[in-house]
Amino acid sequence: MSGPPRLAFALLLAASCQGGGPPAPAGPAPAPAPVESAPAPAAEGPPRAPVRPVTDAYFGVNVVDPYRWMEDPDSAELPEWMGEQSNHARAYFRRVARRDALAKRLRELDARGDEIESFGVVQNRLFYVKRAAGGGAGLYVREGPAGPERLLFDPASEAAPGARVSIDLWAASPDGAHVAVGTSAGGPGAGAVRVLAVATGAFLPDRIDRVNFANFGIVTWLDARRFFVGRTAKPEPGASGGAEGVRVHLHTLGADPEREPPFFGRGVNPRVALDEGWAPVVEVVAGVPYVFATVRRAPDPQMSLYVAPVSQIGGAADKVPWRKAADYDDQITDFAARGDELYLVTHKGAPRSKVVRTSLSRPDLASAATAIGPGERVVRWLFAAKDALYVHSTERGLARVSRLAWGQAKPADLPLAVEGSVRFAGNDPRRAGLYFWQTSWLSRQRLYRHEGGASPPADAGLAPPVAGDLSAFEAVEVEATSADGARVPLSIVARKGLRRDGSATAFLEGYGAYNNALDPLFRPHNVALFERAVYAVCHARGGGELGRGWHEQGRRQNKHHTWEDFIACAEYLAANQYSAPGKIVATGYSAGVLCAGNAVVRRPDLFGAVVLRHGGPNPLRSAAASPSPAFAAELGTPATKEGFEALYAMDVYHQVRDGVRYPAALLIVGSSDARTASWGMTKLAARLQAAGAGGRPVLLRVERSGGAGASPAADEFADAIAFGLAETNAAPD
């Protein structure tokens, strides 16, 4: 199946900055300018948090937690303290001269042209969500690439004054007559799925609620009248809201969804035994006589795969003859099917993956043939079209698309417009060729179509190109040498002709977790940063840039490699005079907080500032307070001695030491964060304020509508960039 896009974790690459706006010409490299110092400190610093230590004993080690009280969800004291901290941070930014100009520039960059955000083709009918310049997003349809565009659904028509309704999911029926549309109010999350009639643009009476679009709320059509949908458990005392609470239901148009029992999931079928924490998804491939069910522990892409004949679907769910085609230990991450052939991406015995082929009617991986052998490329996703098997892979982080024509032994690469990243669109296996997106650090995302055969991919032409000159910048891919000698990919974006004398501020981003890769991705807001600083991305171990082996080297007991790689990338920037110690801003988002945060507490001399957003810097406590199988698999568990030692070593909060001159710190937290508990960031802010020497500011910025996975506003980016520039004495704009 064509894989999902990677989550956008980079500080300045978040999906909230949707679109590729028309950046103004950047102009030539500027002459040296005087620096602008950080704003003078306020007369009074931020309010210090009360210290109420709690001591936990782990395998003979006493761990003192001075701010455990902040974890109390009923605390009346914490919201007041957070409000005072946020007021102090906002007062700081009012004194930063460049901050308002930055916010204005970001708004200019957001005045983008039309952008295609999602796309799917069913036979000759094209469906897509398009966001208009300066407006909202709607669902559109065309009859063929050259057909006239027709608006099917505008979510703004259903929004209350001042509110926002978003299209979180849509899936067209195999005959193109209906579209299941999932919407929610206020951003991605729990919502409902309804069904549009394409001919009229009217909704049918069907409405399926309890669909969490951020938690396996996925829709796949079985035929023209039925589709599968993931639903969370009914809200009862003790019911889970996590992945283990999701079951797949089979909905028939016109039926009452509350009378349709679960079709697949935990406790549904004796042939499928699922442990707590395993999330189910049912998928269908048009033209293939089997239904596919995958189970995985989010966000791990590795899966178990079950198959059942389409002819056996429709009766009692507990009687469906599921057959396990691949076990979790087979290390499968994606699959594609054609006729009776099943193609699987596996990294078993191949750290950068390979593609194997077996039979759907009698799957046997032990005797599976190798379709594409292991090599230097990391195989990610597959799509089986009418004419060929299309393979998405990466080579040192840069995307490749290969075409293995049916009956041929060797794949051939398709020519790509840019060196960057690729994402497969929603394609129809009954058609030849495929649609896919391309983007890079310096080129806006565009949708391309390949018609099969020897024809090169061409722009799909669904949205006009956006004018804008980025020729003043260049992106280079280099490698830094980590502490153990590992070669770490490092992406650098800077002005052409940059004076490599160490005077520039550099923002260094890192993530390195959950097998997620920071692929090249352009967002218009980034231009505001490119105009003022060097931007660099450290592809640290723990991520998926170099395959499963790269991930394994940065998880649990190997987590130290993640921040060692980040430190090596910072040292590369300094040694090659892109920047200098004290001029580098470490940035981390979500799990990237462990990458950047640990680098800063271990090498404070390298960095002038650190910006951490919506993450969990206190994993030792997170593992004890809210354990989950996915967390334990990635970071560890304190239930074992080696698990405790790993968690304690990666815990930024517990690694802070009194009297150390740490860099200036900006911690951004969402007060309503549904993915990452905010108390980890508040505890770290309190600890840094109490421990640091030298008077560098430690700011806690509370984003009332933000959180991991949410959409931060331009103001948040303006604050993050302005803070890093001010605290590294960057040249004024």
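Residues numbered from 1 in each chain as written. Predicted model: local features only at pLDDT ≥ 70, side-chain atom pairs only at ≥ 80, totals over all residues. Heavy atoms only, no water.

**As for the overall build of the protein**
Link 1 in the chain: Counting secondary structure elements, the protein contains twelve helices and 38 strands.
Link 2 in the chain: Put simply, the protein has 733 residues, and 59% of those count as buried.
Link 3 in the chain: Taking contacts inside the protein between residues at least 6 apart in sequence as the whole, the part at least 24 apart equals 61%.
Link 4 in the chain: Within the structure as shown, the protein displays about 27,700 Å² of accessible surface, and the carbon and sulfur contribution to it stands at 51%. (Helix = DSSP H or I, 4+ residues; strand = E, 2+ residues; numbered from the N terminus. Buried < 20%, exposed > 50% of the residue type's maximum accessible area, 1.4 Å probe, protein only. Contact = heavy atoms within 4.5 Å. Areas by Shrake-Rupley, 256 points an atom, 1.4 Å probe, with all protein chains shown as cover.)

**Quick notes on the sheet that holds strand β29 (residues 443–450)**
Link 1 in the chain: If you walk across this open sheet you meet the four strands as β27-β28-β29-β30, and the pairing is antiparallel. The two strands at the open ends of the sheet, each matched to only one other strand, are β27 (421–424) and β30 (458–459).
Link 2 in the chain: By the bridge criterion, six bridges tie strand β28 (residues 434–440) to β29 in an arrangement that is antiparallel. Its bridge partner lying in β29, Y435 is registered against R449. (Pairing = 2+ DSSP bridges.)

**Description of helix α1 (residues 77–94)**
Three or four residues apart is the spacing at which side chains of an α-helix point the same way, because the helix has 3.6 residues per turn.
Link 1 in the chain: The end-to-end C-alpha distance of α1 is 26 Å, a good match for the 26 Å that 18 residues give at a rise of 1.5 Å each.
Link 2 in the chain: Along α1, the residues that are buried comprise L78, W81, M82, G83, Q85, S86, H88, A89, Y92 and F93.
Link 3 in the chain: Residues of α1 that are buried sit in contact with α2 (99–109), β37 (664–670), α11 (679–691), β38 (698–703) and α12 (714–727). (Expected span 1.5 Å × (residues − 1).)

**Topic: the pairing of strand β15 (residues 279–284)**
Link 1 in the chain: Within β15, six of the six residues are buried, which leaves it mostly tucked inside the rest of the structure.
Link 2 in the chain: As paired strands, β15 and strand β16 (residues 290–296) are joined by six bridges and run antiparallel to one another. Counted as the bridge partner of A279 is R296 from β16.
Link 3 in the chain: Hairpin connection, β15 to β16: the antiparallel pair is bridged by five residues, and G287 has positive phi, about 90°.

**Some details on the side chain of R380**
Link 1 in the chain: Within the fold, R380 resides in strand β23 (residues 378–384).
Link 2 in the chain: If sequence neighbours within four positions are ignored, R380 has contacts with D334, V345, H392, S393, T394, A517, D519, G544 and E545.

**Structural notes on the sheet that holds strand β3 (residues 115–122)**
Link 1 in the chain: A sheet is described by the order of its strands in space; here four strands give the open sequence β3-β4-β5-β6, paired in antiparallel fashion. A single partner strand is all that each edge strand has here, and the edge strands are β3 and β6 (150–153). Put simply, the sheet's adjacent strands are angled 30° from each other on average, direction ignored.
Link 2 in the chain: In this structure, strand β4 (residues 125–131) lies alongside strand β5 (residues 137–143), joined through seven bridges in antiparallel fashion. The residue bridging Y128 from the neighbouring strand is Y140, located in β5. (Axes fitted to C-alpha atoms, helices over the stretch in contact; angles between N-to-C directions.)

**Examining the nonpolar core**
Link 1 in the chain: In this structure, L508, F566, L573, F607 and F723 are the most contacted members of the largest nonpolar core, which totals 113 residues.
Link 2 in the chain: Looking at this core, the element that brings in the most residues is α12, giving nine residues.
Link 3 in the chain: In this view, L508 contacts L490, A536, V537, C538, F566, C569, A570, L573, I584, V585, A586 and T587; residues no more than four positions away in its chain are not counted.
Link 4 in the chain: Residues L222, L250, V272 and V291 belong to the second largest nonpolar core, which totals 22 residues. (Core = buried A, V, L, I, M, F, W, Y, C linked by side-chain atoms within 4.5 Å.)

**A short note on unusual backbone geometry**
Link 1 in the chain: In this model, F59 sits at a positive phi of 50°, which is unusual for a non-glycine residue.
Link 2 in the chain: Its place among the elements puts F59 in the loop between β1 (54–58) and β2 (61–65).
Link 3 in the chain: Phi angles above zero are rare outside glycine, and Q123 is one such case at about 55°.
Link 4 in the chain: Relative to the helices and strands, Q123 resides in the loop between β3 and β4.

**Describing the pairing of β23**
Link 1 in the chain: With respect to burial, β23 is a largely interior element, seven of its seven residues being buried.
Link 2 in the chain: Of the pairings in the sheet, the one linking β23 to strand β24 (residues 388–395) comprises six bridges and is antiparallel in character. Following the sheet pairing, F383 is matched in β24 by Y390.
Link 3 in the chain: The hairpin formed by β23 and β24 contains three residues between the paired strands.

**Some points on the confidence of the model for the protein**
Link 1 in the chain: Summarising the model, the protein shows a mean pLDDT of 88, and 89% of its residues fall at 70 or more.
Link 2 in the chain: Counted against residues more than four places away or in other chains, residues 2–35, with its pLDDT under 50, gives 117 contacts.
Link 3 in the chain: Predicted confidence is poor over residues 706–712, with pLDDT under 50, and the contacts of this stretch with residues over four places away or in other chains come to 22 contacts. (pLDDT = per-residue confidence, 0-100.)

**As for the packing of helix α5 (residues 560–575) against helix α6 (residues 592–602)**
Link 1 in the chain: At a minimum axis separation of 8 Å, α5 and α6 run at an interaxial angle of 70°. It follows from the interaxial angle that α5 and α6 lie roughly perpendicular. Crossing handedness for the pair α5 and α6: right-handed. In this structure, α5 uses T562, W563, F566 and I567 to contact α6, whose residues at the interface are L594, C595, A596, N598, A599 and R602. (Parallel < 35°, antiparallel > 145°, perpendicular 65-115°, else oblique. Left-handed = near helix turned anticlockwise from the far one by under 90°.)

**Some words on the pattern of salt bridges**
Link 1 in the chain: All told, the structure shown has 50 salt bridges when counted by the stated rule.
Link 2 in the chain: The shortest N-O distance in the salt bridge between R105 and E531 comes to 2.6 Å. Of this pair, R105 sits in helix α2 while E531 is found in the loop between α3 (526–530) and β34 (534–538), placing the two residues 426 residues apart along the sequence.
Link 3 in the chain: Classification of R105 by relative accessible area gives buried; the value is 10%.
Link 4 in the chain: For E531, a relative accessible area of 19% puts it in the buried group.
Link 5 in the chain: The partner of E531 in a salt bridge is R532, and the shortest N-O contact between them spans 3.2 Å. (Salt bridge = Lys/Arg side-chain N within 4 Å of Asp/Glu carboxyl O.)

**So, the environment of F424**
Link 1 in the chain: Within the secondary structure, F424 is located in strand β27.
Link 2 in the chain: Between the alpha carbons of F424 and L434 there is a distance of 7.9 Å; along the sequence they are ten residues apart.

**Digging into the side chain of N427**
Link 1 in the chain: Inspection of the secondary structure puts N427 in the loop between β27 and β28.
Link 2 in the chain: Judged by its relative accessible area of 14%, N427 falls in the buried class.
Link 3 in the chain: Polar side-chain contacts of N427 include one of 3.0 Å to the backbone oxygen of A425.
Link 4 in the chain: Polar contacts involving the side chain of N427 include one to the main-chain amide nitrogen of Y435, which spans 2.6 Å. (Polar contact = N/O pair within 3.5 Å; in protein donor to acceptor, adjacent residues only side chain to side chain.)

**Side note on α5**
Link 1 in the chain: Along its 16 residues, α5 runs 22 Å from first to last C-alpha, staying within 8% of the 22 Å computed at 1.5 Å per residue.
Link 2 in the chain: All buried positions along α5 are accounted for by H561, T562, W563, D565, F566, I567, A568, C569, A570, L573 and A574.
Link 3 in the chain: Q577 lies just past α5 and shows a positive phi near 60°.

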